[in-house]
Amino acid sequence: GSTGEAASEASAAETPEAAGVVIKLSFRGGGSSQFYTALKEALNEAAGAAEAAGAAADSPRAAPDAREQARAQAQRAGGGISTIVRTAHATERARDVTLQSGFADLEALTAAADEMVGLAEHIATQLHSPAAAKLRRAAAGSESDAASAARVDAFRQYLLDLGIDSPVTKDSAGAVFHEELARELCDYLENYVSQRGGTVALVDAYCLYNRAREFSLVYPSDFVQACRRFEALGLSLRLREYPSGLLAIEDPATASDAQIAERIGAYVQSFGPVTANDVAALEDCPLTLAEERLGLCERAGLICRDESVE
């Protein structure tokens, strides 16, 4: 009798219903330790809830609603994996809401940027119009006209500094690309050159101008060819090549040889002997350009070079 009962129990344990369902989990992206901790807590809660439900069912004084509450608690506690899945879904939904909000803000920003670019192009067109040129020529007239022309030039320079003015390209200018580029360069660099003593090294001007163009960059060869057209087009700037081969953009009105020599002579009279480093600091210019200015004064016989140890 006992042998038959053991055999029947063994055969019942081998059935799929008794064995239960086997689930295999793979953690290729990590997270196994967190899952194990959550699963262990869920099983402990389920075991505690099952014991409480069993005690409530065995007690004759347990009310039906108490048994229902214990059973619901056991069901909730027993869902360890489902709890993790629900949490993951909730996190994903929150992430989707955040992304949708972020993309909505990005679309609004893009629309505003398009409007700002359009406005800047419209203002730039107005500033290049004949009326604006006439207003700038009126600077020699009344004080109010001169102030208005100064404000127009200042605002024009602000637009160029922001890099949002429509740059000249080969596609838009075609065969007259270098001429149009020369005019744009003169408009952009005129105030900057005058603020730097009338002379700016070509390399510095190239870097400054390309930074303002942002993504529509200009090749060095095109930049040099455009600068060589300054004088032919009657613009206010010129490209100068010094004996050492240094190329610089100059404003003849403020950086003539006579003016440079006068400034260097004033430095020598005020401070005594000066070096190229001293001139670079006083003129706020690169060292190579300071050496060229000293050489210019030396060739003119205005100063002499002391190459001794003293």
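Calculation rules
Residues numbered from 1 in each chain as written. Predicted model: local features only at pLDDT ≥ 70, side-chain atom pairs only at ≥ 80, totals over all residues. Heavy atoms only, no water. Helix = DSSP H or I, 4+ residues; strand = E, 2+ residues; numbered from the N terminus. Polar contact = N/O pair within 3.5 Å; in protein donor to acceptor, adjacent residues only side chain to side chain. Expected span 1.5 Å × (residues − 1). Buried < 20%, exposed > 50% of the residue type's maximum accessible area, 1.4 Å probe, protein only. Arc of directions from axis to C-beta. Contact = heavy atoms within 4.5 Å. Pairing = 2+ DSSP bridges. Axes fitted to C-alpha atoms, helices over the stretch in contact; angles between N-to-C directions. Phe/Tyr/Trp six-rings, centres within 6.5 Å; stacked < 30°, edge-to-face > 60°. Core = buried A, V, L, I, M, F, W, Y, C linked by side-chain atoms within 4.5 Å.

**Q** Mind showing me how you'd approach the side chain of N210 here?
**A** By secondary structure assignment, the location of N210 is in helix α10 (residues 202-213). From its side chain, N210 meets the backbone nitrogen of V218 in a polar contact 2.9 Å long.

**Q** Quick question: what am I supposed to make of helix α12 (residues 257-271) here?
**A** Residues separated by three or four positions in an α-helix point in the same direction, a consequence of the helix having 3.6 residues per turn. With 15 residues, α12 should cover 21 Å at 1.5 Å per step; its first-to-last C-alpha distance of 21 Å lies within 8% of that length. Those residues of α12 lying buried are I260, A261, I264 and Y267. For α12, the arc enclosing every buried residue in end-on projection is 120°, short of the 170-degree limit, so these residues lie on one face. Exposed side of α12, more than 90 degrees from the buried face: A258, E262, Q269 and S270 are the residues found there. Looking at the buried side of α12, the elements it contacts are α13 (276-283) and α14 (287-299). Taken from the residues just after α12, G272 is the one with a positive phi, measuring 85°.

**Q** Looking at this structure, how should I read the side chain of E250?
**A** Within the fold, E250 resides in strand β3 (residues 247-250). Within the structure, E250 has its side chain in polar contact with the side chain of Y242 (distance 2.5 Å). Discounting residues that sit within four places of it in the chain, E250 has contacts with V193, G198, T199, S236, L237, R238, R240, Y242 and A255.

**Q** Would you mind going over the sheet that holds β3 with me for this structure?
**A** Note: strands within a sheet are paired through backbone hydrogen bonds, in either parallel or antiparallel orientation. Pairing within the open sheet is antiparallel, and its 3 strands lie in the order β1-β3-β2. Strands with a single pairing partner mark the edges of an open sheet, and in this sheet they are β1 (199-201) and β2 (238-241). Across the sheet, the axes of successive neighbouring strands diverge by a mean angle of 35°, strand direction being ignored. In this sheet, β3 lies alongside β1 in antiparallel orientation, the contact comprising 3 bridges. Its bridge partner being in β3, T199 is matched across the sheet by E250.

**Q** Even after reading the chapter, I still don't get the packing of aromatic side chains, so can you show me in this structure?
**A** For the structure on display, the rule yields 3 aromatic pairs. Plain terms: the ring middles of Y209 and F223 are 6.1 Å apart, the flat faces sit at 40° to each other, and that makes the pair tilted. You can see Y209 sitting in helix α10 and its partner F223 sitting in helix α11 (residues 220-228), a full 14 residues away along the chain. One aromatic cluster in this structure is built from Y188, Y206, Y209 and F223.

**Q** What is the right way to look at the environment of S244 in this model?
**A** Relative to the elements of secondary structure, S244 occurs in the loop between β2 and β3. Judged by its relative accessible area of 55%, S244 is exposed. Separated by 48 residues in the primary sequence, S244 and E292 have C-alpha atoms spaced 7.9 Å apart.

**Q** Would you mind showing me how to read the nonpolar core here?
**A** Nonpolar side chains tend toward joint burial in soluble globular proteins. Grouped together as the largest cluster of nonpolar side chains are 26 residues, with contacts concentrated most on L185, L189, F223, C227, F230 and I249. Within the residue set of this core, elements represented by two or more residues are α9 (177-195), α10, α11 and β3. If one sorts the elements of this core by residue count, α9 sits on top with 8 residues. With near-sequence residues (within four places) excluded, C227 lies in contact with L185, L202, L239 and I249. Counting residues in each nonpolar core, the second largest holds 15 residues, with I260, I264, C285 and C297 among its members.

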